[in-house]
Amino acid sequence: MRTLALLAALAAAACSPQPAAELPQSAGEDATATVVETPPDRSVTITSVRAENPVIVEGTARTFENNVVIRLLDARGDLIRQTATTAVGDPGTFNPYRAEVLVTRDPGERLTVEAVEYSAKDGSLRSRDTRTVDYGVETIPVDLYFTDRSPVDCSKVFPNRTEVPKTAGMARLLVIALMEHPRSPFPRGSDLQGVKIENGVLTVDFNERLQNVGGSCAAQAIRASVEKTLLQLPTVERVVITAGGSEKLALQP
C-alpha cells in the first residue's frame, strides 16, 4: 500500500509539476533557509536547506504514512529531480524528516526546494512548502555517453557534455544523471542500489529490474553507456555492473 501511494504521488508530480514561488531572503541568508513555526494548515514543512551537493533538506511532516516528496527546481523553475523520503515517528503527528538529494545538473545561481504531500488516492497536491536559496557550488564539465537514436552498433556511444555541481560521490551522480536523462537507455523501474570502488574497480549495483532489459541491443547500450561515462573518473580503471548483487544475472537480454 505504501509503495503504491509513493508511486502514485511521484507519477502525478512528474505529469503535473507545480510552479515554485520564490520567498525573500534576509541579507545574510545565502546557503540556509529556515522557518520557525509550523503553520497549522500545512501538513509538510521545510525547516532548513543546506545548499550543497547533495542538498540536505530537513523539516517536519504529518502526512499519510509519513510520506514526503522532495523536488528540486533550477533558477528558471524547471524540475531537476525529485525523490521520496519518510518522516520518522508515529503517524498522525508532526515528525521530522531528512533527505539528501543529489543535484545532477547545473541549477544556476538559485535553487528552489519543495517538500510536497500528494494524495495517495488521486495524486492531487495536498500540501507544499517551498524554500529558494542561493546556490554557489562549483560546477565541472562531464560527459554522459549515449548511443545513437538509430544505432547500427548498439555498443557505440557518443559524449553529451554537461555541467554538474561538484560532489564527493561523483560516480553515483553520473549514474543517476544517466538514468534520468531524456536519452536514458534504462528500462522503466530501474534503480541504483549502490556504488563501491576498490583498487580501481568500480562496482555499480542496480535493482533486479536490470537483470532482464528486453533484448541484446538494450543490454549493450546500457553497459556501454555506464562504462564509458564512469571510466572518465580518474580513480576508475574498470567498471563492474551488477543487478540485485549479481554480476552474472545483470543485463541479460
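On a predicted model such as this, the values are computed, not experimentally measured, just so you know. (Residues numbered from 1 in each chain as written. Predicted model: local features only at pLDDT ≥ 70, side-chain atom pairs only at ≥ 80, totals over all residues. Heavy atoms only, no water.)

Please set out the overall build of the chain residue by residue, giving values where relevant.
Looking only at helices and strands, the chain features 3 helices and 13 strands. A burial count over the chain gives 44% of its 253 residues as buried. Sequence-distant contacts in the chain: of pairs separated by 6 or more residues, those separated by 24 or more amount to 63%. (Helix = DSSP H or I, 4+ residues; strand = E, 2+ residues; numbered from the N terminus. Buried < 20%, exposed > 50% of the residue type's maximum accessible area, 1.4 Å probe, protein only. Contact = heavy atoms within 4.5 Å.)

Residue-level account of the state of the cysteines, with values.
In total, this model carries 1 disulfide according to the counting rule given. Paired through a disulfide, Cys154 and Cys217 show a sulfur-sulfur distance of 1.9 Å. Between Cys154 and Cys217, the disulfide has an S-S torsion of -95 degrees and is therefore left-handed. On the criterion of sequence distance, the pair formed by Cys154 in the loop between strand E9 (139-147) and strand E10 (157-165) and Cys217 in helix H3 (residues 216-230) is long-range, its members being 63 residues apart. (Disulfide = S-S within 2.5 Å.)

So what's going on with the side chain of Arg71? Which residues, and what values?
Considering the arrangement of structural elements, one finds Arg71 in strand E4 (residues 67-73). At 3.2 Å, the side chain of Arg71 and the side chain of Gln82 are in polar contact. (Polar contact = N/O pair within 3.5 Å; in protein donor to acceptor, adjacent residues only side chain to side chain.)

Can you tell me about the side chain of Arg131, naming the residues and giving the values?
Considering the arrangement of structural elements, one finds Arg131 in strand E8 (residues 125-134). Of note is the side chain of Arg131, whose polar atom sits 3.0 Å from the side chain of Asp129.

Could you give me a rundown of the sheet that holds E4, with the residues and numbers involved?
Hydrogen bonds between backbone groups are what pair the strands of a sheet, and the pairing can be parallel or antiparallel. Here 4 strands make up an open sheet; going across it, the order is E5-E4-E7-E8 and the pairing antiparallel. Single-partner strands in this sheet number two, and they are strand E5 (79-86) and E8. Across the sheet, the axes of successive neighbouring strands diverge by a mean angle of 20 degrees, strand direction being ignored. (Pairing = 2+ DSSP bridges. Axes fitted to C-alpha atoms, helices over the stretch in contact; angles between N-to-C directions.)

A description of the nonpolar core should follow, citing residues and the corresponding values.
Formed by 32 residues in total, the largest nonpolar core has its most connected members in Leu174, Phe186, Val204, Phe206, Leu210, Val226 and Leu230. Counting residues per element, the ones that place at least two in this core are E9, helix H2 (170-180), strand E12 (201-206), H3 and strand E13 (238-243). It is H2 that contributes the most residues to this core, 9 residues altogether. Not counting residues within four places of it along the chain, the set of residues in contact with Leu174 comprises Val142, Leu144, Thr229, Leu230, Gln232 and Leu233. The next biggest cluster of nonpolar side chains, apart from the first, holds 21 residues, and it includes Val44, Ile70, Leu72 and Ala87. (Core = buried A, V, L, I, M, F, W, Y, C linked by side-chain atoms within 4.5 Å.)

Account for the pattern of salt bridges, naming residues and giving values.
Throughout the structure, instances matching the rule amount to 15 salt bridges. One salt bridge in this structure joins Arg81 and Glu180, with 3.0 Å as the shortest N-O distance. Taken together, the residues Arg81 in strand E5 and Glu180 in helix H2 connect sequence positions 99 residues apart. Of the charged contacts, one joins Arg98 and Glu100 as a salt bridge, the two residues approaching to 2.7 Å between their closest N and O atoms. (Salt bridge = Lys/Arg side-chain N within 4 Å of Asp/Glu carboxyl O.)

I'd like a rundown of H3, residues and numbers included.
With 15 residues, H3 extends 21 Å from end C-alpha to end C-alpha; this agrees with the ideal 21 Å at 1.5 Å per step. Of the residues making up H3, those classed as buried are Ala219, Ala221, Ile222, Ala224, Ser225, Val226, Thr229 and Leu230. Where H3 is buried, its residues meet E9, E10, H2, E12 and E13. (Expected span 1.5 Å × (residues − 1).)

Give me the lowdown on unusual backbone geometry, citing residues and values where you can.
The peptide bond linking Asn53 to Pro54 adopts the cis configuration, its omega dihedral lying at 10 degrees. Tracing the sequence through the fold places Pro54 in the loop between strand E2 (44-50) and strand E3 (55-61). Of note, the phi angle at Asn199 is positive, near 55 degrees, even though the residue is not glycine. For Leu251, which is not glycine, the phi dihedral falls at a positive 55 degrees.

Describe the sheet that holds E12, and please don't skip the residues or the numbers.
Within the open sheet, the 3 strands sit side by side as E11-E12-E13. Their pairing is mixed. Both outer strands of the open sheet, strand E11 (192-198) and E13, are each paired with one neighbouring strand and no more. Between one strand axis and the next, the sheet turns by 15 degrees as a mean value, whatever way the strands run. Note that E11 and E12 share 6 bridges and pair antiparallel. The partner of Lys196 across the bridge, within E12, is Thr203. Across the sheet, H2 is in contact with E11 and E12; its angle to E11 comes to roughly 145 degrees. Running at roughly 140 degrees to E13, H3 makes contact with E12 and E13 of the sheet.

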